[in-house]
Amino acid sequence: MKTLRRFLSPLLILALVLGSVSVSAAPLPTTELISTQAALSAERADADRERINEILSRADVQEQLLAQGVDLAEVDARVAALSDEEARQMAEQLDQLPAGASVVGALLLVFLVLLVTDILGLTNVFPFTR
């Protein structure tokens, strides 16, 4: 029994020490509260993206995008990559467009966003920007 105790004691001590090292090295969780303003702005950004996607999912808008040679998957990726401020601006511009020109205006806006991001080197959509 003493031999077994001599053998197991150092192993148990080593296991306890190694087990506590990983716990002490782990970062402490932060318990920061989210402000009401931050929660509302996150909801607003989601609503803006939904509004943009709603307009872009219309059949006439998609036909015009395809006629312009724009890949629909690329448009979806671009909308998802918009910052919250850009999504807000785009949604406001879409809401301010007249009823008859909404398709043309939306297409022009999407084209301009794609063009600017391509010129900045963030994407590679239009070959004439190089």
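Since we're looking at a predicted model, the values are computed, not measured.

**Side note on the packing of helix α2 (residues 36-56) against helix α5 (residues 84-96)**
Next, step 1: Put simply, α2 and α5 touch, their axes get as near as 9 Å, and they point 50° apart. By the criterion of interaxial angle, the relationship of α2 to α5 is oblique. Where α2 crosses over α5, the handedness of that crossing is left-handed. Contacts between α2 and α5 involve Arg 44, Ala 45, Asp 48, Arg 49, Arg 51, Ile 52 and Ile 55 from the first element and Asp 84, Ala 87, Arg 88, Met 90, Ala 91, Glu 92, Leu 94 and Asp 95 from the second.
Next, step 2: In the contact of α2 with α5, the residues fall into seven nonpolar, no polar and eight charged.

**Description of the side chain of Thr 117**
Next, step 1: Along the polypeptide, Thr 117 turns up in helix α6 (residues 102-119).
Next, step 2: Owing to a relative accessible area of 18%, Thr 117 belongs among the buried residues under this scheme.
Next, step 3: A distance of 2.7 Å separates the side chain of Thr 117 from the side chain of Arg 78, its partner in a polar contact.
Next, step 4: Among the polar contacts listed, one links the side chain of Thr 117 to the backbone oxygen of Leu 114, at a separation of 3.0 Å.
Next, step 5: Residues in contact with Thr 117, not counting those within four places in the same chain, are Arg 78, Leu 122 and Thr 123.

Reading guide: rules and limits
- Residues numbered from 1 in each chain as written.
- Predicted model: local features only at pLDDT ≥ 70, side-chain atom pairs only at ≥ 80, totals over all residues.
- Heavy atoms only, no water.
- Axes fitted to C-alpha atoms, helices over the stretch in contact; angles between N-to-C directions.
- Helix = DSSP H or I, 4+ residues; strand = E, 2+ residues; numbered from the N terminus.
- Parallel < 35°, antiparallel > 145°, perpendicular 65-115°, else oblique.
- Left-handed = near helix turned anticlockwise from the far one by under 90°.
- Contact = heavy atoms within 4.5 Å.
- Nonpolar A, V, L, I, M, F, W, Y, C, P; charged D, E, K, R; others polar.
- Buried < 20%, exposed > 50% of the residue type's maximum accessible area, 1.4 Å probe, protein only.
- Polar contact = N/O pair within 3.5 Å; in protein donor to acceptor, adjacent residues only side chain to side chain.

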